[in-house]
Amino acid sequence: MSSRGVFSVTPTCYLPDSEARHWSWPRLGSASWKKRGWRVKRQTYMLFLRQLKHLETRLGVPLQDIEAALESPEKYYEEFDLYDPAKPDKPPRRVLNVKGLVRLAQERLYRRILLPKLQPSPYSHGGVSGRHIKSNALEHANSTYGFTTDISGFYPSVHYSRVYKLFLQDFGCSPDVARICTRLCTHYHHLALGLVTSPIIADQLMRHVDSRIAGACKSATLVYTRFVDDISISGTYDLAATKSGISSLVVKILTEHGFRVQSKKHLFGRLDAEIAITKLRVREGRIDVRREYVDELTRQLRDAANLANNGGFAGPYYTQTQIRGRVQFVCWVNPGRRRDLWRQYRSIDWNGVHENALARKLQVCRPILKRVDGRLDE
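This section reports on the structure supplied with the text. (Residues numbered from 1 in each chain as written. Predicted model: local features only at pLDDT ≥ 70, side-chain atom pairs only at ≥ 80, totals over all residues. Heavy atoms only, no water.)

1. A closer look at the pattern of salt bridges
Opposite charge on two side chains makes pairing possible when the charged atoms of those side chains draw close.
(1) Moving on: Using the criterion set out here, one finds 19 salt bridges in the structure.
(2) Moving on: Across the salt bridge formed by Asp150 and Lys265, the nearest N and O atoms sit 3.6 Å from each other. Here Lys265 lies in the loop between strand 8 (260–261) and strand 9 (267–270) and Asp150 lies in strand 5 (residues 145–152), a separation of 115 residues in the sequence.
(3) Moving on: Taking the relative accessible area as the measure of exposure, Lys265 reaches 35% and is therefore partly exposed.
(4) Moving on: Through salt bridges with shared partners, a single network forms among Glu78, Lys99 and Arg371. (Salt bridge = Lys/Arg side-chain N within 4 Å of Asp/Glu carboxyl O. Helix = DSSP H or I, 4+ residues; strand = E, 2+ residues; numbered from the N terminus. Buried < 20%, exposed > 50% of the residue type's maximum accessible area, 1.4 Å probe, protein only.)

Dropping the structure here:
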């Protein structure tokens with residue numbers, strides 16, 4: 001049997017391994033094949049891990065140790081709520097911190113098994129090497145109108161059973177291997193933010209969804225991309241729900257695949273003025289950050305300059321490193337903004353900013369991790 005799969009001869013479908021082993025193979029090239037409508041196909045598996053000992057070898061960790069660790073999740077998983085003080089009205093995000101042996105096994109599963117073998121969806125730009133929000137927005141550079149939405153509760157909506165089926169049927173793993181891999185890739189029976197394997201598993205589950213939506217978009221001369229759970233569609237004509245049925249079709253396809261979309265998250269409009277693609281503006285074939293982002297960054301630079309001179313300060317207080325990162329981000333998206341932004345940044349006495357912030361006892365505005373049990377992370 002090939003390491004990539006098995007040959008199967010059947011009128012319309014593949015044979016599973018258990019049946020193929022006992023098949024009485026007809027002579028290749030038999031004249032009766034065409035008469036019977038039979039055909040030969042190779043069923044290829046992307047991982048093809050059939051034995052536990054092979055999984056153990058690839059992970060480099062005894063499976064009995066991994067299973068014992070998974071039976072005591074309280075020792076290896078920490079749950080946090082992530083709060084952003086700059087957006088007090090935004091609900092916190094639940095994230096996981098994985099430790100010890102479980103983290104080691106998850107990282108090796110991802111880096112040694114999943115990442116080298118699995119091909120990302122051609123329409124996905126999130127969590128994919130060499131792709132990012134900029135490449136996602138550039139796909140829509142020649143469009144005028146857009147429609148964006150996102151999948152509600154993306155990771156939590158992917159249940160254990162769907163991940164198990166993915167390993168068993170799509171990846172060609174044995175039931176025992178699929179069970180252990182699924183347990184490593186899920187927490188409380190679903191994907192979770194903080195697991196290193198969640199992005200690549202979710203992307204594989206979305207491949208068929210992407211193909212269906214992209215096929216519909218192609219027939220309507222539209223462009224489709226996805227950034228994790230953010231869906232973007234654009235074209236040369238208005239995509240509003242009253243003028244185009246594309247939003248209804250997207251919701252229908254996602255619902256058929258077990259995902260939920262809230263209509264209140266739908267955004268329609270012109271790309272150069274009304275809506276953004278993954279928070280980037282598309283205008284005349286070029287991309288840029290949103291105007292409100294640049295305005296806020298410019299305000300933060302002026303605020304820092306005033307603080308350096310011990311003048312009026314509106315806040316909140318951001319460090320030199322935080323503001324430099326935002327300047328670098330804007331310049332990466334739109335190099336045309338480099339000269340002006342770096343001139344403003346370099347004109348600031350950052351030592352003076354730091355000294356006066358300490359003197360005024362200003363608190364740095366940064367995301368706060370709070371343990372689910374109520375304790376703040378230190």
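2. A look at the packing of helix 4 (residues 63–70) against helix 9 (residues 175–185)
(1) Moving on: It is at 11 Å that the axes of helix 4 and helix 9 come closest, and there the two elements cross at 45 degrees. By the criterion of interaxial angle, the relationship of helix 4 to helix 9 is oblique. As helix 4 packs across helix 9, the resulting crossing turns out to be left-handed. For the pair helix 4 and helix 9, the contacting residues are Leu63, Ile66, Glu67 and Leu70 in the first and Arg179, Ile180, Arg183 and Leu184 in the second.
(2) Moving on: Looking at the contact of helix 4 with helix 9 residue by residue, the classes come out as five nonpolar, no polar and three charged. (Axes fitted to C-alpha atoms, helices over the stretch in contact; angles between N-to-C directions. Parallel < 35°, antiparallel > 145°, perpendicular 65-115°, else oblique. Left-handed = near helix turned anticlockwise from the far one by under 90°. Contact = heavy atoms within 4.5 Å. Nonpolar A, V, L, I, M, F, W, Y, C, P; charged D, E, K, R; others polar.)

3. Points about the packing of aromatic side chains
Each aromatic ring pair is specified by the distance between its two centres and by the angle formed by the two planes.
(1) Moving on: Considering all chains together, one arrives at nine aromatic pairs under this definition.
(2) Moving on: Here the aromatic rings of Phe147 and Phe268 are separated by 4.9 Å at their centres, their planes lie at 20 degrees, and the arrangement is stacked. One end of the pair, Phe147, is in strand 5; the other, Phe268, is in strand 9, with 121 residues separating them in the sequence.
(3) Moving on: Judged by relative accessible area, which is 0%, Phe147 ranks as buried. (Phe/Tyr/Trp six-rings, centres within 6.5 Å; stacked < 30°, edge-to-face > 60°.)

4. Some thoughts on the sheet that holds strand 4 (residues 93–98)
(1) Moving on: Ordered in space as 4-3-12, the three strands form an open sheet in which the pairing is antiparallel. Looking at which strands have only one partner, the edges of the open sheet turn out to be strand 4 and strand 12 (368–371). Averaged over neighbouring strand pairs, the angle between their axes works out to 40 degrees when direction is ignored.
(2) Moving on: Across four bridges, the pairing between strand 3 (residues 77–83) and strand 12 is antiparallel. If you follow Phe80 over to strand 12, its bridge partner there is Arg371.
(3) Moving on: Where helix 6 (residues 100–117) meets the sheet, its contacts fall on strand 3 and strand 4, and the angle it forms with strand 4 comes to roughly 100 degrees. (Pairing = 2+ DSSP bridges.)

5. What about helix 13 (residues 291–308)?
(1) Moving on: Between its first and last C-alpha atoms helix 13 spans 26 Å; for 18 residues at 1.5 Å apiece the expected length is 26 Å, and the two agree.
(2) Moving on: For helix 13, the full list of buried residues reads Val294, Leu297, Thr298, Gln300, Leu301, Asp303, Ala304, Leu307 and Ala308.
(3) Moving on: Among the structural elements, strand 11 (286–289), helix 14 (320–333), helix 15 (338–346) and helix 16 (350–359) are those in contact with the buried residues of helix 13.
(4) Moving on: At the C-terminal side of helix 13, Asn310 shows a positive phi close to 60 degrees. (Expected span 1.5 Å × (residues − 1).)

6. A look at the side chain of Asp81
(1) Moving on: Tracing the backbone through its elements, the reader meets Asp81 in strand 3.
(2) Moving on: In this structure Asp81 touches Pro92, Arg93, Arg94, Ile368, Leu369 and Lys370, once residues within four positions along its chain are discounted.

7. Considerations on helix 9
(1) Moving on: Residues of helix 9 that are buried include every one of Val177, Ala178, Ile180, Cys181, Thr182, Leu184 and Cys185, and no others.
(2) Moving on: In the core, the buried residues of helix 9 are packed alongside helix 3 (52–59), helix 4, helix 6, helix 8 (160–170) and helix 10 (198–205).

8. Looking at the packing of helix 13 against helix 15
(1) Moving on: Contact pair helix 13 / helix 15: the axes reach a minimum separation of 9 Å and the direction vectors enclose 25 degrees. Compared by their axis directions, helix 13 and helix 15 come out roughly parallel. With respect to the hand of their crossing, helix 13 and helix 15 are arranged in left-handed fashion. Together, Leu297, Thr298 and Leu301 of helix 13 and Leu341, Gln344 and Tyr345 of helix 15 make up the contact between the two elements.
(2) Moving on: By residue class, the composition of the contact of helix 13 with helix 15 is four nonpolar, two polar and no charged.

9. Thoughts on unusual backbone geometry
(1) Moving on: Residue Pro316 is reached from Gly315 by a cis peptide bond, and omega for that bond is 0 degrees.
(2) Moving on: Mapped onto the elements of the fold, Pro316 is located in the loop between helix 13 and helix 14.
(3) Moving on: Phi angles above zero are rare outside glycine, and Tyr188 is one such case at about 55 degrees.
(4) Moving on: For Tyr188, the position within the fold is in the loop between helix 9 and helix 10.
(5) Moving on: In this structure, Asn310 takes a positive phi of about 60 degrees despite not being glycine.
(6) Moving on: Topologically, Asn310 is positioned in the loop between helix 13 and helix 14.

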